[in-house]
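A structural walkthrough
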Amino acid sequence: MTNYELRKTSGPLPNSSIAPAVIDELTRTGCDARGDRLSRALFATDASIYQIIPDGVVYPRSIGDVQATVRACAKHDVPLTARGAGTGLAGGCVNRGIILDCSRYMNRIVSIDPASRTAIVEPGVVLDDLNAAAASYGLQFAPDVATSSRATIGGMIANNSCGAHSVMYGRTVDYVLALEVVLADGSCAAWGGGIANSEWRIAKEENALTVRCEELLRRAMRDDAGEIAARFPKVMRRNGGYALDRLREADGRINVETIICGSEGTLAIVAGAVLRLVPLPQHKGLVVAHFADLLESLAATPAALAHNPAAVELLDKTILDAARHHPAQMRRPWLVEGDPRGLLIIELYDDDVAVLHNRLRDVVADLKEHGMGYAWPMLLDAAQQSALWDIRKSGLGLLMSRPGQRHAYDFVEDTAVEPARLRDYIARFMRVLDEEGVTEASYYAHASVGCLHVKPVLNLRQSGDVQKMHRIADRISSLALEFGGTMTGEHGDGILRSCWLEKMYGPRIVDAFRRIKTAFDPQGIFNPGKIVDPLPMLENLRFDAGESPAQSDPHPSPLPRRERDATTLDFSLYGGMSGLAEMCSGVGQCRQKLVGAMCPSYMATGDEQHTTRGRANALRMALSDRGLIDGLADPVLDEVMDLCLSCKACKTECPTGVDMAKLKAEWQFQRNRRRGTPLRSRLIAATPTLAAWGCRTAPLSNWAAQSKPARWLMDAFLEIDRRVPPPKFARQTFRQWFEEHRNNVAVGHSEIRNPNSAFPRVVYFADTWTNYFTPQVGIAAVRVLEALGYEVIVPPTVCCGRPAISKGMLDEAKRLAERNAAILAPYAEAGVPLVGTEPSCILTFADEFPQLVRTDAARRIAERAIMIETLLAQHSDIPQASGLRSQALLYHAHCHQKALVGAGDAMKVLCAVFGDAAQEIGSGCCGMAGSFGHEREHYDVAKAIGEERLFPAVRDRGDAAIAVSGFSCRHQIEHHTGAPARHLVEYLASAFEASATRSAQGPV
């Protein structure tokens, strides 16, 4: 053990007296080193049950920065722990001292050589990024962890990660050809063979430390050979301790790189890797076997393995039930028949699609013949396969999505036995849980390799359940040993399992581990307390026994407790704001970049504080008495919340559904109550009033607002960026047009006004942006609705409150909501739909409205509130624009739309009208987010967000037209790309009119 104290984390934790010296020393040399409270708080947790507040964080830009950090930590005897994406389940990357995060800067794919099928990468490269680059050569890095959208190669090497297809492809170690590492004295070493690429940056340095390490490993191979053979489990998924069973020597070279894999950063810091790539599979197919009994599904695993599958994965009823109610999963095709207790996903690969079909049919026939299962659908469609795999990948997050204090926790989730013994092993496992009084548990697995993730449901804020957790882990370690298995199948030992290593491997092997650790890391600075001299399993838990969100006092705060508890938005389902923040499991899906819209600011900055996880962790600490953040009044929350765009993507894309937009709005509201609401925020919330005056005085108001002096003044005094032109006021508002139109309709079609007529009624919500800035959108909506036979009603509603909500002015939003509730209640009571064309506005009725006005009438209004596309998608008689449009139509959906209802209805309507000409842009957020992109301090980030995927797609559109839903999206696209964009309903109205004209003209 290092003399740097490792003790239980509880209460306020000041910086150590030594670590700031490391931060200062590194900062002077140009390193990005941080010792502030926020950075320390954000890196105190990962996806495990543990929390240890570090003393600083370093983001190295180069191997030189890594060396400097190692030398500084060695000089001051401060622990150093390397961290990838922080998705570990065993607490492997939480520690005192310095956290080294390579993911922000050291994330280059140095080269890909398709001839040799190799890649050279830095440790911060994300697996999906590597595979996206390799796919252009028809190659992939085979280990496919469920967290592939954010897992880094360095983290995968540290844990020797596997994945669903390990039965075919094996583990990370099987694809590591060579490693470049920084040793405990700051020197560099390279281990591995077959390196022919000139871009591999250094040759192996023969120094005293490398020689000592290699000699120690040779001695262990020789002296402990018998014990290694006897004690290491024979299952493929074994990752406990240091992999002495993998050591080999040939031609005078010992394969040290294989023992670095799985060492969790306790021996060396990985700074680069040469990886082996493999060809992508040509064709994939699934058999989804349904079972009425979980043990029956496990018993069927050997039969599935007889068909040489690429994967056999188990999902249990708990995960399936969670997926059924998760907003994102509900919008995908549901492929499960009945209510199975177990689902086996059996995947086959083949180069010949006909052969693949026959093999899939053989699997089904075999299972049927042996009476295994009750349904066996075959999936050959890529989208259906992806939907099912997404449930599997989201398993952990889905399990953590239940509100409250009882959760399915990871502490015995990584055991592995021979697949043939899996059924009997789990039967015994279930007996242990039953004897311990655990009534709920989730089971999902890499059944093909006998690695089953069992997650008992406990409440770790209760001391009885904490002790129960330890007893269960003790008993399961004995059970795994009895079955010839392991406690650590893939997720690392960390804090969670290091304490069981001596029981699993015996004192002699553990003594060998200790000698290896000492040889590589004489001072014990690399990730201490893991594998060797482990930290106790029950210390450093994220929650203290006896702690409860309901009891946690967000102190210090100048507000009386009763005022803080009475939130304006409704958090009752979660037991308060803290309960919602604590639902963050730490799996880090908010760090993904290639897909989805979460989290836009992280995609632009790569900084952990701009993830949903970072914000949730900061709020969790603020709402407890345990961390570095002193309640909701702490100024550091301003920093962590500043770049949250309130896009709501986290509400559905986060597997646990952490709604950061809701949390931010409530936090802003309480901040405004303490400090007062800033002038800029008040003006933004007053947009409806200001816009009304702007329209009355147009075009003079437009000339004034667009002038350089006015934009300069707005920039200087309100920090409204002068580079963004303000939107132009309409000379005639939509409501003015509609009043004239209604009179004309009433004269020409009086039956439409008759409530007894056959025309169905629909309420159109005239939002601020449509009414005052883009009345043509509302006009197009009315034309489309009337063309489909609706009587359109536009009642005298007021602003939905979205601008006020975005600035935390919830009292103003509530006042507006109450006025709208009084106006709209009769229509909702009569069952009349409430439709809108501005997603952020109409979806405010569906989301925040019933929280601000907690009445039955408000809930009925929320149920009736839909986007116009949803109403149109219900029509089978939409006019087709066949022959009217030859150019492509590219569609970008608003973030709130993507999050709350999806773009499916919009694309259904567009495809019905325009056919294959309509395509959705695979974009994230545009970056505008209401006023965000107008604000000077946010302009560059807003632009960077759009540049991630949306702007390049728009620039590469060719002659395609751009369709959007959101007012701010259109404004952002036009400003940064110069491409004109129109609301999708405008294109629909044009198509409807053209179709009507063609019909009137008759056949040519």
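In what follows, the structure referred to is the one given above.
Residues numbered from 1 in each chain as written. Predicted model: local features only at pLDDT ≥ 70, side-chain atom pairs only at ≥ 80, totals over all residues. Heavy atoms only, no water.

Section: the packing of aromatic side chains
In total, this model carries 19 aromatic pairs according to the counting rule given. Ring geometry for Phe43 and Tyr59: centres 6.1 Å apart, planes at 75°, overall edge-to-face. Residue Phe43 is located in the loop between helix H2 (37–42) and strand E2 (56–59), and its partner Tyr59 is located in strand E2; the two are separated by 16 residues in the primary sequence. By relative accessible area, which is 1% here, Phe43 ends up buried. Tyr59 gets classed as buried once you look at its relative accessible area, which sits at 1%. Between the aromatic rings of Tyr505 and Phe513, the centroid separation amounts to 5.9 Å while the plane-to-plane angle is 65°, which identifies the pairing as edge-to-face. Looking at Tyr505, the relative accessible area reads 2%, which means it is buried. Classification of Phe513 by relative accessible area gives buried; the value is 1%. Among the aromatic residues, those joined into a ring-pair cluster are Phe232, Tyr242, Tyr505 and Phe513. Looking at Arg461, its charged tip hangs above the ring of Phe543, at a distance of 3.8 Å from the centre. Geometry around Tyr987 places Arg982 over its ring, the cationic atom sitting 4.8 Å from the centre. (Phe/Tyr/Trp six-rings, centres within 6.5 Å; stacked < 30°, edge-to-face > 60°. Helix = DSSP H or I, 4+ residues; strand = E, 2+ residues; numbered from the N terminus. Buried < 20%, exposed > 50% of the residue type's maximum accessible area, 1.4 Å probe, protein only. Lys NZ or Arg CZ within 6 Å of the ring centre and 35° of its normal.)

Quick notes on the pairing of strand E12 (residues 269–276)
With 7 of its 8 residues buried, E12 lies for the most part within the structure. As defined by bridge partners, strand E8 (residues 176–182) adjoins E12 across 6 bridges and the pair is classed as antiparallel. Bridge pairing in E12 places Val182 opposite Ile269. (Pairing = 2+ DSSP bridges.)

Things to note about the state of the cysteines
Summed over the entire model, instances satisfying the criterion amount to 0 disulfides. Left unpaired, Cys261 is separated from the closest cysteine sulfur, that of Cys162, by 11 Å. Its sulfur unpaired, Cys650 is 6.0 Å from the next cysteine sulfur, which belongs to Cys647. (Disulfide = S-S within 2.5 Å.)

Let's talk about the sheet that holds strand E5 (residues 109–113)
Across the sheet, which stays open at both edges, the 5 strands sit in the order E5-E6-E12-E8-E9 with antiparallel pairing between neighbours. Bordering the open sheet on either side are E5 and strand E9 (188–192), each of which pairs with just one other strand. Each adjacent strand pair in this sheet contributes to an overall mean axis angle of 15°, direction not counted. (Axes fitted to C-alpha atoms, helices over the stretch in contact; angles between N-to-C directions.)

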